[in-house]
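# What the coordinates show
So you can see what is in the structure, the chains are spelled out below.
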Amino acid sequence: MTNRLRRFFALALTFASAPAMAHPPEQWSIAIHGGAGTMSREEMTDEKRAEYEAALQAALDAGAKVLEGGGSAIDAVRAVIVMLEDDPRFNAGRGAVFTWEGTNELDASIMDGRDLSAGAVAGVTGVKNPILLADAMRRDGRHVFLAGKGAEQFAAEHRLEQAEPSWFATDHRLRALERFKAGKVSAIEVDLKFGTVGAVALDSAGNLAAGTSTGGTTGKRWGRIGDSPVIGAGTYADNKSCAVSATGEGEYFIRVGVAHRICSRVELAGEDVQTAADAVIAEVGAIGGEGGVIVMAPDGRAVFAFNTTGMYRGRADSSGTSEVAIFAGE
Ligand code: ASP
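As the structure is a computational prediction, the values presented were derived from the model and not from experiment. (Residues numbered from 1 in each chain as written. Predicted model: local features only at pLDDT ≥ 70, side-chain atom pairs only at ≥ 80, totals over all residues. Heavy atoms only, no water.)

Further remarks concern the site of the ligand. Taken together, the residues surrounding the ligand are Asn91, Phe194, Gly195, Thr196, Gly216, Arg224, Gly226, Asp227, Ser228, Thr247, Gly248 and Gly250. One nitrogen or oxygen atom from the side chain of Thr196 is found 2.4 Å from an oxygen atom belonging to the ligand. The backbone of Gly250 places a nitrogen or oxygen atom 2.9 Å from an oxygen atom of the ligand. Protein contacts shield 100% of the accessible area of the ligand, which totals 270 Å² for the unbound molecule. Broken down by class, the residue content of the shell around the ligand amounts to one nonpolar, nine polar and two charged. (Near = heavy atom within 4 Å. Polar contact = N/O pair within 3.5 Å; in protein donor to acceptor, adjacent residues only side chain to side chain. Areas by Shrake-Rupley, 256 points an atom, 1.4 Å probe, with all protein chains shown as cover. Nonpolar A, V, L, I, M, F, W, Y, C, P; charged D, E, K, R; others polar.)

Our focus in this paragraph is unusual backbone geometry. With a phi close to 55°, Arg159 is a non-glycine residue in the positive phi region. Within the secondary structure, Arg159 is located in the loop between α5 (148-157) and α6 (165-168). One non-glycine residue, Trp222, lies in positive phi territory at about 55°. In this structure, Trp222 sits in the loop between β6 (208-214) and β7 (235-238). (Helix = DSSP H or I, 4+ residues; strand = E, 2+ residues; numbered from the N terminus.)

Here we take up the packing of helix α2 (residues 46-68) against helix α3 (residues 73-86). The relative placement of two packed helices is expressed as an angle between their axes plus a distance between the axes. One way to put it is that α2 packs onto α3 with a least axis distance of 8 Å and a crossing angle of 155°. By the angle class used here, α2 and α3 are roughly antiparallel. Crossing angle aside, the handedness with which α2 passes α3 is right-handed. For the pair formed by α2 and α3, the contact residues are Ala55, Ala58, Ala59, Ala62, Gly63, Val66 and Leu67 on the first element and Ala73, Asp75, Ala76, Ala79, Val80, Met83 and Leu84 on the second. Among the residues forming the contact of α2 with α3, the class breakdown is twelve nonpolar, one polar and one charged. (Axes fitted to C-alpha atoms, helices over the stretch in contact; angles between N-to-C directions. Parallel < 35°, antiparallel > 145°, perpendicular 65-115°, else oblique. Left-handed = near helix turned anticlockwise from the far one by under 90°. Contact = heavy atoms within 4.5 Å.)

With respect to the secondary-structure elements, Asn91 resides in the loop between α3 and β2 (106-112). Of the polar contacts made by the side chain of Asn91, one reaches the backbone nitrogen of Val97; its length is 3.0 Å. Discounting residues that sit within four places of it in the chain, Asn91 has contacts with Ala96, Val97, Arg173, Gly195, Thr196, Ser213, Thr214, Gly215 and Gly216.

Time to look at the pattern of salt bridges. This model, assessed by the stated rule, comprises 20 salt bridges. The salt bridge partner of Arg261 is Glu283, with a shortest N-O separation of 2.8 Å. Remark: Glu283 occurs in helix α11 (residues 273-286) and Arg261 occurs in helix α10 (residues 258-268); sequence separation between them is 22 residues. Residue classification places Arg261 among the partly exposed residues on the basis of a relative accessible area of 36%. The exposure class assigned to Glu283 is partly exposed, which follows from its relative accessible area of 24%. Sharing partners across several salt bridges, the network here consists of Asp75, Arg78, Asp112, Arg114, Asp135, Arg138 and Arg139. (Salt bridge = Lys/Arg side-chain N within 4 Å of Asp/Glu carboxyl O. Buried < 20%, exposed > 50% of the residue type's maximum accessible area, 1.4 Å probe, protein only.)

Ordered by their spatial adjacency, four strands build an open sheet running β7-β8-β9-β10, and the pairing between neighbours is antiparallel. The open sheet has two edge strands with one neighbour each: β7 and β10 (302-306). Direction aside, neighbouring strands of the sheet carry axes that sit 10° apart on average. Taken together, the five bridges between strand β9 (residues 291-296) and β10 define a ladder with antiparallel strand orientation. Pairing of Gly292 across the sheet is with Phe306, part of β10. α10 rests against β7, β8 (242-248) and β9 of the sheet, and its axis sits at about 145° to β8. Seen against the sheet, α11 touches β8, β9 and β10 and runs at an angle of roughly 20° to β10. (Pairing = 2+ DSSP bridges.)

With that out of the way, let us pick up the confidence of the model for the protein chain. As a general rule, the predicted coordinates of low-pLDDT regions are not to be interpreted in detail. Model confidence for the protein chain is summarised by a mean pLDDT of 91, while 89% of its residues fall at 70 or above. Confidence over residues 7-24 falls short of pLDDT 50; this stretch has one contact with residues more than four positions distant or in other chains. (pLDDT = per-residue confidence, 0-100.)

Next up on the list: the side chain of Thr308. Structurally, Thr308 can be placed in the loop between β10 and β11 (310-317). At 3.5 Å, the side chain of Thr308 forms a polar contact with the backbone nitrogen of Gly37. Polar contacts involving the side chain of Thr308 include one to the main-chain carbonyl oxygen of Gly310, which spans 2.9 Å. Apart from the residues lying within four places of it in its own chain, the contact partners of Thr308 are Ala36, Gly37, Glu290, Gly291 and Ala328.

Moving on to helix α7 (residues 171-181). Turning to α7, its buried residues number three or more, namely Arg173, Ala176, Leu177 and Phe180. Buried residues along α7 cover an arc of 100° about the axis, so they all sit on one side. One or two residues past the end of α7 sits Gly183, with phi positive at roughly 75°. (Arc of directions from axis to C-beta.)

With respect to the element layout, Asp238 can be found in strand β7. With 26 residues separating them in the primary sequence, Asp238 and Ser264 have C-alpha atoms 9.8 Å apart. Discounting chain neighbours no more than four positions away, the residues touching Asp238 are Gly113, Leu116, Leu208 and Glu267.

This part covers the nonpolar core. Counting residues in each nonpolar core, the largest one holds 44 residues, and the members touching the most others are Ile30, Ile32 and Leu133. Once residues within four sequence positions are removed from consideration, Ile32 is found in contact with Leu56, Ala59, Leu60, Val80, Gly198, Ala199, Ile294, Phe304, Tyr312, Arg313 and Gly314. The next biggest cluster of nonpolar side chains, apart from the first, holds 38 residues, and it includes Ala118, Ala237, Ala246 and Val258. (Core = buried A, V, L, I, M, F, W, Y, C linked by side-chain atoms within 4.5 Å.)

If you want it as structure tokens, here you go:
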């Protein structure tokens, strides 16, 4: 073989192996939540605990499977949230809390940290999976935030699956509304937890994404919208800093601008994600708010911060971690 030929083959080999060398198998990581709240170990039966843990694990596995297969962070976030929206245990999609008028009005948002594309919807009543509507808007790209009838119209035009009001309505949420209306308990006490659901993920290409979906708070009136569909409050993702999904008393989370504030601290002050998340949840607490966040760092570190006694949560990554937890300190 001539030197020239040898050089040609060497070069061809380099190119053939280039993709593998340029993109070695990278890490992926995912974290999810199913709401934070006042949870007491005494009142949680073993059976109920096992049920919640299984539901969280199934959603976590669905997201991990997407990432393991080389799927994107945004696809993983969507997969997790669709599962939790369909699960009546959580306050999102099926099983959402009731408004004062006895309807279920759903809010959701999703954001891609790769290009800051985002979609959000509020006050949706007839779309089976609000997170899919938010993502359809994100992909469409013309608007970030749609509410009520207009959002429903967008969903119909994009042929998203519809659902009757009876799909979302559950007895235990109706009883919670009745207790709330009887004035026996506040919106927070009636549920003891904010069953909002959310996910944050890092995919093997290094992209971050976040999403959140909720029915809001029991007995909400006057078209009340919480933090969950507000980009920057309940959801935020930017490859430069982090991805965040929140759960808690939305009014406080909006006032603090929780999700964006955490990412700003990481980006501008160089804080690590746990420090930033703890500091911002402390700010929420300082003005009287309760709740928590899940945060994903660009290096795949997934952290939780909450000032309640528990938060339904889980995390999994490419190193083999796969765990779910409910109470603080677990
Ligand atoms: N953050 C939600 C809201 O205020 C409630 C929740 O987290 O469950 O609408």
